[in-house]
Amino acid sequence: MREYKTEDLTIIWKPELCQHAGECVRRLPNVYNPKAKPWCKPENATTDELIAQIDACPSGALTYKQNK
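### Observations regarding the pattern of salt bridges
Where side chains of opposite charge bring their charged atoms close, a pairing between them can arise.
Then step 1. Inspection of every chain in the model, using the stated rule, returns 2 salt bridges.
Then step 2. One salt bridge connects Glu 23 with Arg 26, and the closest N-O pair in it is separated by 3.2 Å. Taken together, the residues Glu 23 and Arg 26, both in helix H1 (residues 23–27) and 3 residues apart, mark about one turn of the helix.
Then step 3. In this structure, Glu 23 and Arg 27 form a salt bridge, with 3.0 Å as the shortest nitrogen-oxygen distance. One end of the pair, Glu 23, and the other, Arg 27, are both in helix H1, 4 residues apart, so they sit about a helical turn from each other.
Then step 4. Residue class for Arg 27 comes out partly exposed when judged on its relative accessible area of 46%.

Set out below in structure tokens:
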């Protein structure tokens, strides 16, 4: 499990659940780039954009918790 944080949100990635459907990369390519290190840069999207994308993750590999 890995966590990526913004001021408002913590993104939780469980790689063992990832089915590589690519929804994250298609929806928010400025945030998710599997060739980059780190591959997830949540500061490149709004909290609402991140939540909408995470809710669309078909495998449940991406989840989040609000930091407030």
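Now, onward.
### Focus: the packing of aromatic side chains
Aromatic ring pairs are reported here in terms of the distance separating the ring centres and the angle at which the planes meet.
Then step 1. Per the counting criterion, the structure on display carries 2 aromatic pairs.
Then step 2. Taking the centre distance of 4.9 Å and the plane angle of 55° together, the rings of Trp 13 and Trp 39 count as tilted. With a gap of 26 residues between them, Trp 13 in strand E2 (residues 9–13) and Trp 39 in the loop between H1 and helix H2 (47–55) connect regions that are remote in the sequence.
Then step 3. With relative accessibility at 15%, the residue Trp 39 sits in the buried group.
Then step 4. Look at Tyr 32 and Trp 39: their rings are 5.2 Å apart centre to centre, the planes differ by 45°, and that puts the pair in the tilted class.
Then step 5. By way of ring pairs, the aromatic residues Trp 13, Tyr 32 and Trp 39 are connected into one cluster.

Each value, and the rule that gives it
Residues numbered from 1 in each chain as written. Predicted model: local features only at pLDDT ≥ 70, side-chain atom pairs only at ≥ 80, totals over all residues. Heavy atoms only, no water. Salt bridge = Lys/Arg side-chain N within 4 Å of Asp/Glu carboxyl O. Helix = DSSP H or I, 4+ residues; strand = E, 2+ residues; numbered from the N terminus. Buried < 20%, exposed > 50% of the residue type's maximum accessible area, 1.4 Å probe, protein only. Phe/Tyr/Trp six-rings, centres within 6.5 Å; stacked < 30°, edge-to-face > 60°.

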